[in-house]
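# Structure assessment
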Amino acid sequence: MTDHPRRSAWPPLLVAIALEVMATLSLRAAEGFTHPLWLILVAIGYSGSLWLLSIVLDRGMPVGVAYGIWSAIGVVATAVLGTVLFGELLGPVQIIGVGVIVVGVLLVELGSHTRETAQPALPEVAT
């Protein structure tokens, strides 16, 4: 066992999310292959994001929690930035959906901490 504390999974997770959002927005900006230089950012963003996600998993974050946070925050950020950068409108139902995603991520994160702190049940001793 090493004396070094386990490194936080959050910094690489946040950068992975940012890269994934950048890649997705670049994919939209490329407009198919009309503007192919954007595809360089797509390739860098997605490959970097997946590499960082693997680091997050290696640092001990459960795969369901990591992927849930990564994908949900990516969806929310992409939807919001799509409205800002590309003028894509979000209707009321979509806004509610984004809110549900945010609540879902919070519940997954809170649930993961509850499981980590729960004490395992002691085995019964036969008498």
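Since we're looking at a predicted model, the values are computed, not measured.

Broken down by element type, the protein carries four helices and zero strands. Put simply, the protein runs from its N terminus to its C terminus through helices and strands in the order α-α-α-α. By the burial criterion, 27% of the 127 residues in the protein qualify as buried. Pairs at least 24 apart in sequence give 66% of the contacts found in the protein among residues at least 6 apart. For the protein, the computed accessible surface area is about 8900 Å², with 72% contributed by carbon and sulfur atoms.

Here the focus is helix α2 (residues 38-58). Across its 21 residues, α2 extends 30 Å between first and last C-alpha, which sits within 8% of the 30 Å expected from 1.5 Å per residue. Within the sequence span of α2, burial applies to Val42, Gly45, Gly48, Ser49, Leu52, Leu53 and Val56. Along α2, the residues classed as buried sweep out an arc of 155° about the axis, all on the same side. Residues of α2 that are exposed and point over 90 degrees away from its buried face: Leu50, Trp51 and Asp58. Turning to α2, the residues buried within the fold contact α1 (10-30) and α3 (63-86). Gly60, located one to two residues past α2, shows a positive phi value of around 105°.

α3 packs onto α2 with a crossing angle of 145° between their chain directions and a minimal axis gap of 10 Å. By crossing handedness, the relation of α2 to α3 is classed as right-handed. For the pair α2 and α3, the contacting residues are Ser49, Leu50, Leu53, Val56 and Leu57 in the first and Val63, Ala66, Tyr67 and Trp70 in the second. Looking at side-chain class alone, the contact of α2 with α3 contains eight nonpolar, one polar and no charged residues.

Here is what the cut-offs are and how they apply
- Note that residues are indexed from 1 along each chain, following the sequence as it is written.
- With the structure being a predicted model, the display of local features is reserved for residues of pLDDT at least 70 and the display and counting of side-chain atom pairs for 80 or more, all residues being used for whole-chain, interface and lining totals.
- Excluding hydrogens and water, the side-chain figures rest on all heavy atoms present in the structure.
- Helix and strand labels come from DSSP, where a helix needs a run of H or I of at least four residues and a strand needs a run of E of at least two; each type is numbered from the N terminus.
- Burial classes follow relative accessibility: with a 1.4 Å probe on protein chains only, a residue under 20% of its type's maximum area counts as buried, one over 50% as exposed, and anything between as partly exposed.
- Note on contacts: a residue pair qualifies if any of its non-hydrogen atoms lie within 4.5 Å across the two residues.
- Here, Shrake-Rupley sampling with a 1.4 Å probe gives the accessible areas, and only protein chains in the shown set may cover a residue.
- The span one expects for a helix is its residue count, reduced by one, times 1.5 Å.
- In this context, the arc is that of the directions from the helix axis out to the C-beta atoms.
- Inter-axis angles, ranging from 0 to 180 degrees, are taken between N-to-C directions of lines fitted to C-alpha atoms, where helices are fitted over the stretch in contact.
- Left-handed is the label given to a crossing in which the near helix is rotated counterclockwise from the far helix by less than a right angle, and right-handed is the label when the rotation is clockwise.
- Classes in brief: Ala, Val, Leu, Ile, Met, Phe, Trp, Tyr, Cys and Pro nonpolar; Asp, Glu, Lys and Arg charged; the others, Gly included, polar.

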